[in-house]
Amino acid sequence: MKKFLLPVLTFCLATATAQQKDYPIQPVAFTKVHVHDQFWKPKMQVNASVTIPYILKMCREHGRIDNFLAAAGKRENKVCSEFPFDDTDVYKWIEGASYALQVEPNPTLSKYLDTLVGIIAAAQEKDGYLFTFRTIKPAVPHEWIGSKRWEKDSILSHELYNSGHLYEAAFAHYNATGKKSLLNIAIKNADLLVKDFGYGKIEEYPGHQIVEIGLAKLYRITGNKKYLDLAKFFLDVRGPKGEAYNQANKRVVDQTEGVGHAVRAAYMYSGMADVAALTGDKNYLAAIDKIWEDVVYKKLYITGGIGATGNGEAFGEAYDLPNMSAYAETCAAIANVYWNNRMFLLHGDSKYIDVLERTLYNGLLSGMSLSGTRFFYPNPLASVGQHDRSGWFSCACCISNMTRFLPSVPGYVYAQNDNDLYVNLFMSNSSDIKLPAGNVNIQQATDYPWKGKVDLTVNPQSSANFALHIRIPGWAQQQPIPGDLYSSTGAKLPVTLTLNGKPYAYTIVKGYAVIRRSWKKGDKVSLDLPMEPQHIYANEKVKADAGRFAIQYGPVVYCLEGADNKDSVVQNIVVEKTAPMQVSYRPEMLNGITVITAEGTATKRQLNSTELLTTKQPVVAIPYYAWDNRGSGEMEVWIPYTAMASRPQPAPTVANTSTITGSTKSKTIKAINDQFEPADSKDNTVPYFHWWPKKNTTEWVAYEFNKEQTVSSSKVYWYDDGPWGGCRIPATWKLYYKKDGEWVPVKPTTNYEIAKDKYNRVSFEPVTTTALKLEVQLPSDNASGIHEWIVE
């Protein structure tokens, strides 16, 4: 592979004196934490043995590597994928593979890395520019990238976003292998950015943040302050005349709320934390403190997910947390972990780790299947089967992000500040930690998250004085997260701590039980956290969760899934607040999970009556992260405790008993006869069907009746998510009935109504038929959609 080698650039590695400031608390590197539990280790092994090879294969098949080859002149000058940020899938794969190498050597993987780094080097332009979509010089340039470098980066091009992921990959690769090959590429690119951007030069901010984090990492490696200065420039030049979508509507130091695209936001807040730590900028710190409170107190899902709406993949308004339409992107969950970890490193408060842990075990882990080859982009909290993990997305950011994140999980377990050693997460491991007081080996043994007992064995090389800070999780003290967004009921059960077998009267400091003493080899600390199913209730301002509760067991949020419950439906289930819950561990189920069962009631509509039919049934709940591993189907996190909050099974109407077909194949087509009533045309909290991205075409749906029916009227509730979405009410619509195998227009006796936010009715001369078809002419510039189609 000599033809791909890049001449080695010279640079100075950071010295201990090169950086005067950084986070007061430092994480214990994941390479020092050897996890051997039954929960996280198998998941990291699947990532290393299945997901990393799988994603490399998909990058090959979907043009990611071909783009670099084309930019290097090794194949035709044709862009081989869809989005300008596709280069980052390769960078994130390198980051994940590098982390995996640090956990366990793999010569084959190491060779793949060397080859790929060589290809990237060959694709880099002489001055350091690295952006395949431009370097390829395709016959028709992508519309996002502009006619010259950087001109559209604050909007669409993602050039700086690509650079940020390159720097993160280089940091990981250098630390894993000691090789400077990718680091040289990153530094050459960063030097170009330093030359081109700054006051008096190009004064633009990145449209999609992350380069700030990457530049901070380059500063840490090289000690060269120009990278830190550029990271700060990219933050300081942002706002106030831009869009809230990418957090450019205000200067970063003036921001107080989580707004806009959730991934961009959390990456920016993480970058602000890095720069605050490295420069001592208190204005940054004050801003992200306020933003954190806004997000955690008003905009955080019980799963730790952030970003309520698919419109802009963005934060919603305060307390607007819909479940079925929840976006809660996997990338946003990962970014939320990054941000909260940095907040902890700044402040040393366990509340940040409480949010991190909630995200880690729920809204992040749900992003990948147990097999390691299927992925969620959004992570909804309710479904009627329209959601399903996919093996790939054209926008594959969440897929490659998962594989780079999982190997790093052990790095969140411990942290230290001089002789203060923090135990943040609980998983069986053996760790070697250097404190000023001396070297210490920590052994952690636990069956967490299924059991609350955590045993720590402290083995200093020789007797040493230091403080052990053991996190007491908020969930163990009836506080699901900081603030009043969620609360739990029931008696507060004691948390017990023993030292060498004897009860220890610990002091709580910022959420940690602190034991400060002279430690000797073999000292044992045992923490016993109360593990009982908890009912979690949302603040009354969260309208989507009114009349409902969620189940949590330890750090794990639960859901009802159709596969475990009667008739494979769960939306119709009601469980009383006082219903006893039973806990059992099922080693054979979903790679080993704790299952929670209770008695509940199923509700069902009936014809010609508003009274609901109810029947008692057993109810089974599984961990939210494990749903959709047995095929798509119904799921619900927030369980109704009143029939009014449930969504009963539909009555056997003409429409509901019909077989649905349509001009577009989609799982969502079954929404049109599910009898879920929308609040208005744009209501995306209930299922709907749409023809997006089609426009100005003739489309159709049809009911094949289960027997011959005589019908004379029909009504349709259109889906219209204007002004921001892509669906509008149709230009026209018509009905046809089947006669002698042919579709024949009905003879209307009233006009076809076309209006938003109501049922649109038409009456027609009675027909006896086995099928009815609804034909729709889409608007010239938009698609259309249907909430409900009723036949009478």
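You'll find the structure just up there.
**Student:** Help me understand the overall build of the chain, please; the structure alone is not making it clear to me.
**Tutor:** Helices and strands together make up the secondary structure of the chain, namely 14 helices and 31 strands. A principal-axis box enclosing the C-alpha atoms of the chain has dimensions of 90 × 70 × 50 Å. Summing over all exposed atoms, the chain offers an accessible surface of approximately 30,500 Å²; the carbon and sulfur share of this is 51%. Separation of charge centres in the chain, based on 85 positive and 81 negative side chains, amounts to 5 Å.

**Student:** Where do I start with the sheet that holds strand β1 (residues 26-27) in this structure?
**Tutor:** Across a sheet, paired strands are connected by hydrogen bonds in the backbone, their directions being either parallel or antiparallel. An order of β1-β4-β5-β9-β14-β13 is seen for the six strands of this open sheet, with the pairing classed as mixed. Looking at the sheet topology across the chains shown, the edges are occupied by β1 and β13 (507-509). Two elements, strand β4 (residues 414-417) and strand β5 (residues 420-423), share four bridges in a ladder whose sense is antiparallel. For A415, the partnering residue across the bridge sits in β5 and is Y422. Against the sheet, helix α13 (residues 350-364) contacts β9 (464-471) and β14 (512-519), and its axis sits at roughly 50 degrees relative to β9.

**Student:** Sorry if this is basic, but what is going on with the pattern of salt bridges here?
**Tutor:** Once their charged atoms are close, side chains differing in charge can pair, the charge on each being opposite to the other. Tallied over the entire structure, the rule returns 39 salt bridges. R471 is the partner of D354 in a salt bridge, and the nearest nitrogen-oxygen pair spans 2.5 Å. On the criterion of sequence distance, the pair formed by D354 in helix α13 and R471 in strand β9 is long-range, its members being 117 residues apart. Pair check on accessibility: D354 and R471 agree, each one buried. With a closest N to O distance of 3.2 Å, R516 and D420 form a salt bridge. Within this pair, whereas R516 is found in strand β14, its partner D420 is found in strand β5, the two being separated by 96 residues in sequence. Assessed through its relative accessible area of 55%, R516 is described here as exposed. The buried category is assigned to D420, whose relative accessible area is 17%. Three or more residues are tied together by salt bridges with common partners; here these are E95, E168, K217 and R404.

**Student:** Help me understand helix α1 (residues 40-61), please; the structure alone is not making it clear to me.
**Tutor:** Since the α-helix packs 3.6 residues into each turn, any two residues three or four apart lie on the same face. With 22 residues, α1 should cover 32 Å at 1.5 Å per step; its first-to-last C-alpha distance of 30 Å lies within 8% of that length. Taken together, the buried positions of α1 are W40, K43, M44, N47, T51, I52, Y54, I55, L56, M58 and C59. Contacts from the buried residues of α1 go to β2 (33-35), α2 (64-71), α3 (87-103), α4 (107-123), α13 and α14 (397-405). With its phi angle positive at about 85 degrees, G63 sits one or two positions after the end of α1.

**Student:** When you look at the sheet that holds strand β7 (residues 438-446) in this model, what are you seeing that I'm missing?
**Tutor:** In spatial order, the strands read β2-β6-β7-β8-β15-β11-β12; together these seven strands make up an open sheet with antiparallel pairing. With one partner strand each, in any of the chains shown, β2 and β12 (502-503) form the two edges of the open sheet. Looking at chain direction, strand β11 (residues 496-499) and β12 are connected through two bridges and run antiparallel. Among the inter-strand pairings, T498 is bridged to a residue of β12, identified as P503.

**Student:** Would you take a moment to explain the packing of aromatic side chains for this structure?
**Tutor:** In this description, an aromatic ring pair is defined by two values, namely the gap between the centres and the angle between the planes. Taken as a whole, this structure holds 43 aromatic pairs when the rule is applied. Both rings, one in F39 and one in Y625, keep their centres 5.7 Å apart while their planes meet at 85 degrees; by these two values the pair is edge-to-face. Here F39, found in the loop between β2 and α1, pairs with Y625, found in the loop between β22 (609-623) and β23 (634-636); they are 586 residues apart in sequence, far enough to count as distant. Across this residue pair, the class does not change: F39 and Y625 are buried. Taking 6.4 Å as the distance between ring centres and 25 degrees as the angle between the ring planes, the aromatic pair formed by Y54 and F375 counts as stacked. A residue pair is termed long-range when its members are at least 10 positions apart, and Y54 in helix α1 and F375 in the loop between α13 and β3 (382-384) qualify at 321 residues. Each member of the pair, Y54 as well as F375, carries the same accessibility label: buried. Aromatic rings pair up to connect F39, W40, Y361, F426, Y448, W450, W475, Y585 and Y625 into one cluster. The side chain of K577 reaches across the aromatic face of Y641, ending 4.5 Å from its centre. A cation sits over an aromatic face here: K773 above Y736, 5.2 Å from the ring centre.

**Student:** Is there a simple way to explain α4 in this structure?
**Tutor:** For α4, which comprises 17 residues, the first-to-last C-alpha distance of 25 Å matches the rise-based estimate of 24 Å (1.5 Å per residue) to within 8%. Turning to α4, its buried residues number three or more, namely L109, L113, L116, V117, G118, I119, I120, A121 and A123. In this fold, the buried residues of α4 make contact with α1, α2, α3, α5 (132-135), α6 (159-177) and α7 (181-196). The opening residue of α4 is N106, an N-cap whose side-chain oxygen sits 3.1 Å from the backbone nitrogen of T108.

**Student:** Would you mind showing me how to read unusual backbone geometry here?
**Tutor:** Generally, phi is negative for residues other than glycine and the peptide bonds are trans, each holding for most cases. Following G239, the chain continues to P240 via a peptide bond in cis, the omega torsion being 5 degrees. One can find P240 in the loop between α9 (225-236) and α10 (262-279). Following W692, the chain continues to P693 via a peptide bond in cis, the omega torsion being 10 degrees. On the secondary structure map, P693 appears in the loop between β26 (689-690) and β27 (698-719). Its identity as a non-glycine residue notwithstanding, D740 has a phi of 55 degrees, on the positive side. Inspection of the secondary structure assignment puts D740 in the loop between β28 (732-739) and β29 (742-745). For D740, a relative accessible area of 75% translates into the label exposed.

**Student:** Hey, could you run me through the nonpolar core in this one?
**Tutor:** The nonpolar side chains of a soluble globular protein tend to be buried with one another. W40, W93, I470 and V637 are the most contacted members of the largest nonpolar core, which has 226 residues in total. In this structure W40 touches V35, L360, Y361, L365, L406, V409 and M427, once residues within four positions along its chain are discounted. Ranked by size, the runner-up nonpolar core spans 27 residues in total, among them I669, W691, V746 and L778.

**Student:** I'm lost on the packing of α1 against α2 in this one. Help?
**Tutor:** A pair of packed helices is captured by two measures, namely the crossing angle of their axes and the spacing between those axes. Remark: α1 packs on α2, axes separated minimally by 4 Å, with the N-to-C direction vectors making an angle of 55 degrees. Compared by their axis directions, α1 and α2 come out oblique. Of the residues in α2, those in contact with L56, C59 and R60 of α1 are R64, I65 and D66. Here the residues of the contact of α1 with α2 are counted per class, giving three nonpolar, no polar and three charged.

**Student:** How do you make sense of the environment of N379 when you look at a structure like this?
**Tutor:** In this structure, N379 sits in the loop between α13 and β3. Considering only alpha carbons, one finds N379 and K217, 162 residues apart in sequence, at a separation of 30 Å. When sequence neighbours within four positions are dropped, the list of residues in contact with N379 reads A326, Y327, A328, E329, T330, G363, S366, G367 and Y624. Polar side-chain contacts of N379 include one of 3.1 Å to the backbone oxygen of A328. At 2.9 Å, the side chain of N379 forms a polar contact with the side chain of T330.

Parameters and conventions
Residues numbered from 1 in each chain as written. Predicted model: local features only at pLDDT ≥ 70, side-chain atom pairs only at ≥ 80, totals over all residues. Heavy atoms only, no water. Helix = DSSP H or I, 4+ residues; strand = E, 2+ residues; numbered from the N terminus. Areas by Shrake-Rupley, 256 points an atom, 1.4 Å probe, with all protein chains shown as cover. Lys, Arg positive; Asp, Glu negative; His and termini not counted. Charge placed at Lys NZ, Arg CZ, Asp CG, Glu CD. Pairing = 2+ DSSP bridges. Contact = heavy atoms within 4.5 Å. Axes fitted to C-alpha atoms, helices over the stretch in contact; angles between N-to-C directions. Salt bridge = Lys/Arg side-chain N within 4 Å of Asp/Glu carboxyl O. Buried < 20%, exposed > 50% of the residue type's maximum accessible area, 1.4 Å probe, protein only. Expected span 1.5 Å × (residues − 1). Phe/Tyr/Trp six-rings, centres within 6.5 Å; stacked < 30°, edge-to-face > 60°. Lys NZ or Arg CZ within 6 Å of the ring centre and 35° of its normal. Polar contact = N/O pair within 3.5 Å; in protein donor to acceptor, adjacent residues only side chain to side chain. Core = buried A, V, L, I, M, F, W, Y, C linked by side-chain atoms within 4.5 Å. Parallel < 35°, antiparallel > 145°, perpendicular 65-115°, else oblique. Nonpolar A, V, L, I, M, F, W, Y, C, P; charged D, E, K, R; others polar.

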